[in-house]
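Tertiary structure, described
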Amino acid sequence: MRLKSSIWVAAYLRRCQGEGVFGAVRRRGAEEAGAVFVKVSLLDGNAMLYAPAPQTVYEDGRPVDRFFVPVAPQPLPEHTVEERLTKEIRFDPDAWIVETEDRAGRHFLELARA
């Protein structure tokens, strides 16, 4: 059984805080199982966006994990990331948006294997 989204987000933000990275919930989604999108602002006008990994990357032995994939391999202009997030919310109004700020681009997420 996977952690509720609200609990996962709280733990993620605590992890960021412990590493000295500012993070906040920008949009609260469904408590139980809302998709979580993580924006990492690089504080230079660019950002990275991480989306939930497709279900096909999950192994039966680890169904409780949350994996993410970068939306693009390189940082994107902030306005491009914001446009993508707007589209995601229109598609899935239960989604969460978490934003962190880190010049080094640290995200502390488990990325899906390619």
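As a starting point, this report considers the structure included with it. (Residues numbered from 1 in each chain as written. Predicted model: local features only at pLDDT ≥ 70, side-chain atom pairs only at ≥ 80, totals over all residues. Heavy atoms only, no water.)

Before going further, it helps to spend a moment on the pairing of strand 2 (residues 36-41). With 6 of 6 residues buried, strand 2 lies mostly within the body of the structure. With burial as the criterion, each face of strand 2 is covered, one bearing Val 36, Val 38 and Val 40 and the other bearing Phe 37, Lys 39 and Ser 41. Here strand 2 pairs with strand 6 (residues 96-101) via 6 bridges, running parallel. For Val 40, the partnering residue across the bridge sits in strand 6 and is Thr 100. Alignment of strand 2 against strand 3 (residues 46-52), held across 4 bridges, turns out to be antiparallel. The residue of strand 3 that forms the bridge with Ser 41 is Ala 47. The hairpin turn running from strand 2 into strand 3, its antiparallel successor, is 4 residues long, and Leu 43 in that turn takes a positive phi close to 65 degrees. (Buried < 20%, exposed > 50% of the residue type's maximum accessible area, 1.4 Å probe, protein only. Helix = DSSP H or I, 4+ residues; strand = E, 2+ residues; numbered from the N terminus. Pairing = 2+ DSSP bridges.)

What follows concerns the pattern of salt bridges. By the definition in use, this model includes 10 salt bridges. Of the charged contacts, one joins Arg 15 and Glu 19 as a salt bridge, the two residues approaching to 3.8 Å between their closest N and O atoms. When its relative accessible area of 37% is taken as the criterion, Glu 19 is described as partly exposed. For Lys 39, the salt bridge identified is with Glu 78, shortest N-O distance 2.6 Å. Of the two residues, Lys 39 is situated in strand 2 and Glu 78 in helix 2 (residues 78-91); the sequence distance between them amounts to 39 residues. A network of salt bridges, in which partner residues are shared, links Arg 26, Lys 39, Glu 78, Glu 82 and Glu 99. (Salt bridge = Lys/Arg side-chain N within 4 Å of Asp/Glu carboxyl O.)

Ranked by internal contacts, the top residues of the largest apolar core, which has 17 residues, are Tyr 12, Val 36 and Val 38. Elements supplying a minimum of two residues to this core: helix 1 (5-18), strand 2, strand 3 and strand 6. With 5 residues, helix 1 is the largest single contributor of residues to this core. Here Tyr 12 is in contact with Val 38, Val 98, Thr 100, His 107, Phe 108 and Leu 109, once residues within four sequence places are set aside. Counting residues in each nonpolar core, the second largest holds 9 residues, with Ala 47, Leu 49, Ile 89 and Ile 97 among its members. (Core = buried A, V, L, I, M, F, W, Y, C linked by side-chain atoms within 4.5 Å. Contact = heavy atoms within 4.5 Å.)

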